[in-house]
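Residue strings, one per chain:
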Amino acid sequence: MIAAAPPAGGNSVNPLRAGLPPSDRIDAPCSIVFFGASGDLFKRMLLPAVYSMRCNGTLPADFALVGFARTPYDDDGFREYCRQQLDEFMPPDRKPQGSLWDDFAARMSYITAGFKDSQDFVKLKALLARNDERFGTSGNHLFYLATPPAVFPVVVGHLKKAGLDPRNDDRGWTRIVVEKPFGTDLKTARTLQREIEKVFSESAVYRIDHYLGKEPVQDIIALRFANTIFEPIWNRNYVQSVQITAAESLGVEERGAYYDHAGALRDMIQNHVINLLALVAMEPPISSHADDIRNEKYKVLSAIAPPAYDDVAKTSARGQYGPGTIDGQPVKGYRQEADVAPDSNTETFAAVQFCVNNWRWSGVPFFLRSGKRLARKLSEIVVTFKPIPHRFYGASTDDIQPNLLVIKIQPDEGIAMRFEAKVPGPKDHVRSVYMDFNYGSGFGVVSPPAYERLIGDAIRGDATLFTRWDAVERAWELVTPTLDVWKNTKDFAFPNYAAGSQGPPTAPALFEGWRRL
Amino acid sequence: MSLDLQSILGELTLRRRNRGDVMDVALMTLVAFFEDAAVAEWLRDRIHSLAVKDPARVIVLDGTATHELHHVGAACDEHDDCLKTRGEWIELGVQGSDPDTLQSAISALALPQTPIVLVWASGRIGTDARFAGISPNVRTVVYNSSALDDGQGGLRELIAFVQEHPGVSICDLAYLRLAPWQESIALFFDGKNVIRELFDLRRVEISSGSEAEAYYLLGWLASRLEWSAHCADRFHNRFGTEIEFTISREGSPRRIRRVALHSSQTQFIAELGREKTEVIALTVTGAAQHPDRCHPITNIDTAALIERAILTGHDDRIFHDTLLAARDILAQTEKVHR
């Protein structure tokens, strides 16, 4: 039995908590403020994630949600807007109804505000103080920047002026979640960081990359460090190459204006794909503590040298889709998309090669590619092992393939292993076979959406799955030479791949072994 | 009597070789035993739900059927308009089988590389030689003290068995079912301004559809707060202060309906929501008043509870302490009945 005694002084250990069955509920009460609460990201991703957490019992019992955006609503109007969005975006068993919804709705409020008027932030401060009284939110504030990136520094500056910056006292914590993109290049990222760090220390900044909230991405750590069989061969002695793919069959949809200034290298490689590389290549952390993992991620990114400007052509490939066919339907070319310049030089496909210059990975190339309007949606990491050193088995016509380990991220989630097996019969033929583990069949559960996990972690104060500034900066440094060269040299071959194809013909020149999409 | 295990093993091999509907992942061998026809359908349904979620080789030991019954099939899941194998399903009639026969059947049919989980849906475990024979050889035993009896009988059986067989890893669904209530009650006392109330509690009222859950909840509070059962309706805390308790039978079987905790100055009430039962409404009035809250009740269906028992039920020290405290409370009530 544990000792149960009236607490002396400041001791506030709750003996009923000791040994309770593991609960997903987050202890810390808090108010969550969504800047940009009338936007697409909020209604499609953030609001459903928060309400789902409420239904799961994950959200703190003492919480409040504040919407802050330009679209005019009063509190009831915002509640009704949210109810309609949840009706549309939640599954049938999670529709907003009953006492759970009533409680959730009662805790919502809204401030109609532009982001320039400091008085709106004074109102926000008063509202948060009222929430502490009404809902027991204990002075804990999570600010979520779901606005266009240009507004990030404006909001941060106003938070400080209104006295909503972190107080560093016992009246509660203040954290800020910053959506990607974190800057549009190295220079703007550094500028944004300077503005943020005037107000928030690094430990209070949660730079979100929703890819890191996906279960298979987190499983990379489990695969590597909760098994003994992989780590001994996870190095240059056994690994031939690593390829990381984030392919989409969708085009730019309604994001033409944004995308035409971004491109695939900025939009995907600089953040999602480089983060995957870091998880695959990092050294074993000494613990699962956020900074131990993030230290290792930064170290491995530091071991990658950005390409010299003269080498960009040799270490990268770019492409832009033209008209084509996907799923039997004709689709437009990129330059015909809405809000895209008809002579756009923006890449919709990017492939780069990196080398990790350390003891473990010296000489092993890492190939990264991402693109839109490719043959299918597919995100995966493929570790190709070295060929057998001496061949004595199998018929001479047998094509003995190297082993592959495939970490499937989406749409399938799981792990597959390719190895050679004897074909039954009197002859010694060998063929490649796959062992294929899928989360769906292995655990029979649907992985929770990434935003649920990440918002929960931000409230908990667990930054493991968020990107630290040093890693963001390093990722920008790695892609900057390629961005510069591509910006300054027009590719007259654009469009150079048909929508629905495997990508541009320049990609195989970089790496012949790309897995077929 | 003996069981025809060889033909079952032969059928399993044939299925694996020829039909291509074998499972590709297995997390456990799940053995379910029952001998009351009234629970057969219910148990099969719950085990099936679990096997769909956590692929397993399921061995149903049907104590209502003779040894002629055996069947090998698959626990299937409808997926994209086709049936996908999620596990193997073996049914065996074991009416009248002795402990050794049952044990040998489990040994022969269990997947070699997976843990064995036994779901025992039958009463009288305190005196059942079959249960005593099988349970030490499995990784986890899942029992439900309020399944067949909404009074104290099932819980008393479990307490007697655990005293006799301390090495068996056993979980009780009646206890696991309390998780949202434990969470809600703990939530009342989070925070330095309210923690003192916990040590000033004077009265506990529990309304429940079955007694096992109520005694577990009392036992949990008593073990956490070092209360000792003083008589049939009183605890003493370590300073000798009396804490009165009452249990009233109210609401659906196997469900807690309301818990009220009274300190000298504050009332803490957790009760099922008005129109729906999936929410616990939390009210605190008095000196330590707090805004009303609610906590959703999730994952308390039998399949989810069994899954939790498998994942977290081993050597649960808190459960063990709770069981001992419940034993002491029941011993006091027994004195009164005598």
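The shown structure was predicted, so the numbers you read here are calculated from the model rather than taken from an experiment.

Chemist: Can you walk me through the sheet that holds strand 8 (residues 201-208) of chain B in this structure?
Modeler: Think of a sheet as strands paired side by side through backbone hydrogen bonds, with each pair either parallel or antiparallel. Residue and element names in this part refer to chain B. The eight strands lie next to each other as 9-10-11-8-12-13-14-15, forming an open sheet whose pairing is mixed. Of all the strands in the sheet, just strand 9 (228-231) and strand 15 (290-296) have a single pairing partner and so form its edges. Averaged over neighbouring strand pairs, the angle between their axes works out to 20° when direction is ignored. Pairing between strand 9 and strand 10 (residues 234-236): three bridges, direction antiparallel. Pairing of Cys231 across the sheet is with Arg234, part of strand 10. The sheet contacts of helix 7 (residues 179-188) involve strand 12 (256-263), strand 13 (266-272), strand 14 (279-286) and strand 15, and relative to strand 14 the element is tilted by about 25°.

Chemist: How do you make sense of the pairing of strand 16 (residues 414-422) of chain A when you look at a structure like this?
Modeler: On a regular strand, one side chain projects to one face of the sheet and the next to the other, so that they alternate. Residue and element names in this part refer to chain A. As judged from the five bridges shared by strand 15 (residues 404-410) and strand 16, these two strands associate in the antiparallel manner. Its bridge partner lying in strand 16, Leu405 is registered against Met417. The turn joining strand 15 and strand 16, which pair antiparallel and follow one another in sequence, is formed by three residues. Pairing analysis gives nine bridges linking strand 16 to strand 17 (residues 430-438), with the strands arranged antiparallel. Considered in strand 17, the bridge of Gly414 is made with Asn438.

Chemist: Teacher, can you tell me more about the packing of helix 10 (residues 290-302) of chain A against helix 14 (residues 469-488) of chain A here?
Modeler: A pair of packed helices can be characterised by two numbers: the angle between their axes and the separation between those axes. All names here are of chain A. Two elements in contact, helix 10 and helix 14, have axes separated by 9 Å at closest approach and are oriented at 20°. Of the possible angle classes, the one that applies to helix 10 and helix 14 is roughly parallel. Pair helix 10 / helix 14 crosses with left-handed handedness. On helix 14, the residues touching Arg294, Lys297, Tyr298, Leu301 and Ser302 of helix 10 are Asp470, Ala471, Arg474, Ala475 and Leu478. For the contact of helix 10 with helix 14, the class distribution of residues is five nonpolar, one polar and four charged.

Chemist: Quick question: what am I supposed to make of helix 4 (residues 118-135) of chain A here?
Modeler: In this model, helix 4 of chain A (18 residues) spans 25 Å end to end at C-alpha, consistent with the 26 Å of a helix rising 1.5 Å per residue. Listed in full, the buried residues belonging to helix 4 of chain A are Phe121, Leu124, Leu128, Asn131 and Phe135 of chain A. Each buried residue of helix 4 of chain A lies within a common arc of 70° when the element is viewed along its axis, so the set occupies one face. Turned more than 90 degrees away from the buried face of helix 4 of chain A, the exposed residues are Gln119, Ala126 and Glu133 of chain A. Packed against the buried residues of helix 4 of chain A are strand 1 (30-35), strand 2 (63-69), strand 3 (108-112), strand 4 (141-145) and helix 5 (152-161) of chain A together with strand 15 of chain B. Gly136 of chain A occupies a position one or two residues after helix 4 of chain A and carries a positive phi of about 65°.

Chemist: Whenever I open this one, the packing of helix 1 (residues 40-56) of chain A against helix 2 (residues 75-89) of chain A confuses me. Can you help?
Modeler: Residue and element names in this part refer to chain A. Contact geometry of helix 1 with helix 2 gives a least axis separation of 10 Å together with a crossing angle of 90°. The orientation of helix 1 relative to helix 2 falls into the category roughly perpendicular. Of the residues in helix 2, those touching helix 1 at Lys43, Arg44, Leu47, Pro48 and Tyr51 are Cys82, Gln85, Leu86 and Phe89. The residue makeup of the contact of helix 1 with helix 2, split by class, is six nonpolar, one polar and two charged.

Chemist: Please explain the environment of Ala229 of chain B as it appears in this structure.
Modeler: Residues and elements named next belong to chain B. Within the fold, Ala229 resides in strand 9. Overall, Ala229 belongs to the buried group, with 22 C-beta atoms counted inside 10 Å. Counting along the chain gives 98 residues from Ala229 to Arg327, while the straight-line C-alpha distance between them is 9.5 Å. Setting aside anything within four residues of it in sequence, one finds Ala229 in contact with Ala222, Phe235, Asp328, Ile329 and Gln332.

Chemist: How should the sheet that holds strand 5 (residues 174-178) of chain A be read in this particular structure?
Modeler: All names here are of chain A. Spatially, the six strands line up as an open sheet ordered 3-2-1-4-5-6, and their pairing is parallel. Single-partner strands in this sheet number two, and they are strand 3 and strand 6 (205-207). Looking at each pair of strands side by side, their axes are set apart by 20° on average, direction ignored. The sheet contact formed by strand 2 and strand 3 spans five bridges and is parallel. Residue pairing across strands places Phe68 opposite Ile111, the latter belonging to strand 3. Along the sheet face, helix 2 touches strand 2 and strand 3 and points at about 115° away from the line of strand 3.

Quick notes on the rules
Residues numbered from 1 in each chain as written. Chains lettered and ligands numbered in written order. Predicted model: local features only at pLDDT ≥ 70, side-chain atom pairs only at ≥ 80, totals over all residues. Pairing = 2+ DSSP bridges. Helix = DSSP H or I, 4+ residues; strand = E, 2+ residues; numbered from the N terminus. Axes fitted to C-alpha atoms, helices over the stretch in contact; angles between N-to-C directions. Contact = placed C-beta atoms within 7 Å. Parallel < 35°, antiparallel > 145°, perpendicular 65-115°, else oblique. Left-handed = near helix turned anticlockwise from the far one by under 90°. Nonpolar A, V, L, I, M, F, W, Y, C, P; charged D, E, K, R; others polar. Expected span 1.5 Å × (residues − 1). Buried ≥ 20, exposed ≤ 12 C-beta atoms within 10 Å, placed from the backbone. Arc of directions from axis to C-beta.

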